[in-house]
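Architecture at a glance
If you want the building blocks of each chain, they are given just below.
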Amino acid sequence: MNRQIYKNGTLAIHGRLVRRDLCVEDGVISLIAPVIEAGDAQVIDLTGKRVYPKLIEEHSHGARGMDFSIDGADRFDQLIAFYRQQHVGTIFPTLMTDSTQKMCAQLDEVVKSAKSNPEIKGIHVEGPFLSCEYKGATPRQFIQRPSLDTAEQLLEHGGGLLKLVTVAPELPGALEVVRFFVNHGVKVNLGHTGATYEQTTACLDAGADGFTHTFNGMRLMHQHELGAGGCAMLSDAYCEAICDGRHLNEHTVALLLKVKGPDKVILITDSMMAAGMPDGEYRLGSLDIVVTDGDARTKGEDSRAGSTLPAYDGVKNFAAFTGLPLEQAIIAMSENPARRFGLNTGSLEPGKLAEFFWE
């Protein structure tokens, strides 16, 4: 048995800091206690260190000049290494809307890479069933009406790793596609949408339980029509949030937390290949992107095109925007997505994977 004892650290457990020893056996947390006798175990002294669960990134398209929608599995090892540097223990590679053939081919590449990269615990497909009006940095020519045939192909090529799909509720056939994915164990986010409150609620009733990059790429609330943005606030669904200070104003982030509560906000980066890279010209799927002062925008249309935000910076921004201490802010990128997707990680407790970091 491979056994390590982490001693004298301060652990972030469910939003509280406590001084505890932690025992890991064969990659799983086996015991947390005030004092653990080392015996013949390897001892790691964490005096003066705070220990946090590793981050869960459910929505990222790429970084370091690489893109999950473009590159092959042979480059994904380098990409996953970047996420590790950002304290990410779980990544859902997120595919852009493209032709069905291309999306299926990229799903095959991600599934192949997951065999050697345990950080890949799921896949997020953002589309192709999205609104043209609220497409943002989505190539219009590849947007489709919801189709069970396309949904079945995505599910098949997802190889059991497809965990999340983004759908626009107002499209004809959206309800059938939402029900199809939910019935096959795939979570559904609502996003890139001009849906009314009633259309959004119908998809939530059909099993959707989240919103993609909340307030971005969606119809916002009006006093006479809540729209998708207002429905996100009123519902019990999870709300993704990009905390780069560009996609959401800091006061909007504070409002989101106050309305949704700490258990329903999920931090994401929505990062694209320019994350961790200098300003310049890049790609996001099939689109040309220009990054200026770290702000990514589509060339020609000038729509914001994801972010260049590193994951841990997003957590620290969330803490700064809301006044939460870091041990509570980090829950939005660890415990919350773990609970939503039933992942055996995201918190420091016996039985969970030993995926944590200290500083």
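Here the structure is a predicted model, which is why all the values come from computation and not from measurement.

What counts, and where the lines are drawn
- Residues numbered from 1 in each chain as written.
- Predicted model: local features only at pLDDT ≥ 70, side-chain atom pairs only at ≥ 80, totals over all residues.
- Heavy atoms only, no water.
- Phe/Tyr/Trp six-rings, centres within 6.5 Å; stacked < 30°, edge-to-face > 60°.
- Buried < 20%, exposed > 50% of the residue type's maximum accessible area, 1.4 Å probe, protein only.
- 1 Å grid on protein atoms, 1.4 Å probe; cavity = no way out; pocket = protein on both sides within 12 Å on 5 of 7 lines; lining within 4 Å.
- Points joined across faces, edges and corners; volume = space filled by probe spheres on them.
- Pairing = 2+ DSSP bridges.
- Helix = DSSP H or I, 4+ residues; strand = E, 2+ residues; numbered from the N terminus.
- Contact = heavy atoms within 4.5 Å.
- Axes fitted to C-alpha atoms, helices over the stretch in contact; angles between N-to-C directions.
- Core = buried A, V, L, I, M, F, W, Y, C linked by side-chain atoms within 4.5 Å.
- Salt bridge = Lys/Arg side-chain N within 4 Å of Asp/Glu carboxyl O.
- Polar contact = N/O pair within 3.5 Å; in protein donor to acceptor, adjacent residues only side chain to side chain.

For the structure on display, the rule yields 10 aromatic pairs. Pairing Phe-180 with Phe-181 gives two aromatic rings, centres 5.5 Å apart and planes at 70 degrees, and the pair type is edge-to-face. In this structure Phe-181 comes out as buried when scored by relative accessible area, which is 0%.

Let us look at the layout of surface pockets. Put simply, the largest pocket is a space of about 280 Å³. Lining of the largest pocket is provided by 20 residues; of these, Gly-136, Ala-137, His-192, His-213 and Arg-304 occupy positions nearest its centre.

Strands sit in the order β6-β9-β10-β11-β12-β13-β14-β15 across an open sheet of 8 strands; the sheet is parallel. Across the chains shown, the open sheet's two edge strands, defined by having one partner strand only, are β6 (55–60) and β15 (265–268). Examined bridge by bridge, strand β9 (residues 88–95) and strand β10 (residues 123–126) share 2 bridges and lie parallel to one another. Counterpart to Leu-95 in the pairing with β10 is Val-125. Contacts from helix α8 (residues 311–322) reach β6, β9 and β15, with the element oriented near 135 degrees to β15.

What follows concerns unusual backbone geometry. The linkage connecting Gly-127 with the following residue, Pro-128, adopts the cis geometry, with an omega of 5 degrees. Inspection of the secondary structure assignment puts Pro-128 in the loop between β10 and α3 (148–157). Its identity is not glycine, yet His-14 carries a phi of approximately 50 degrees, on the positive side. Among the structural elements, His-14 can be located in the loop between β1 (3–13) and β2 (16–25).

We now examine the nonpolar core. Membership of the largest hydrophobic core comes to 75 residues, with the highest contact counts inside it found for Val-125, Phe-181, Leu-267, Val-315 and Phe-318. What Val-125 contacts, discounting residues up to four positions off in sequence, is Leu-95, Met-103, Leu-107, Leu-154, Leu-162, Leu-164, Val-165 and Thr-166. Ranked by size, the runner-up nonpolar core spans 13 residues in total, among them Ile-13, Val-18, Ile-29 and Leu-348.

What follows is about the pattern of salt bridges. Going through the model one piece at a time under the given rule, you end up with 16 salt bridges. The residue Lys-7 makes a salt bridge to Asp-21 at a minimum N-O spacing of 2.5 Å. Here Asp-21 lies in strand β2 and Lys-7 lies in strand β1, a separation of 14 residues in the sequence. With its nearest N and O atoms 2.7 Å apart, the salt bridge here joins Arg-84 to Glu-119. One end of the pair, Arg-84, is in helix α1 (residues 73–85); the other, Glu-119, is in the loop between α2 (100–114) and β10, and 35 residues separate them in sequence.

Before going further, it helps to spend a moment on the side chain of Asp-71. Relative to the helices and strands, Asp-71 is located in the loop between β8 (66–67) and α1. Polar contacts involving the side chain of Asp-71 include one to the side chain of Arg-75, which spans 3.0 Å. Contact partners of Asp-71, with chain neighbours within four places excluded, come to Gly-65, Met-66, Phe-76 and Gln-106.

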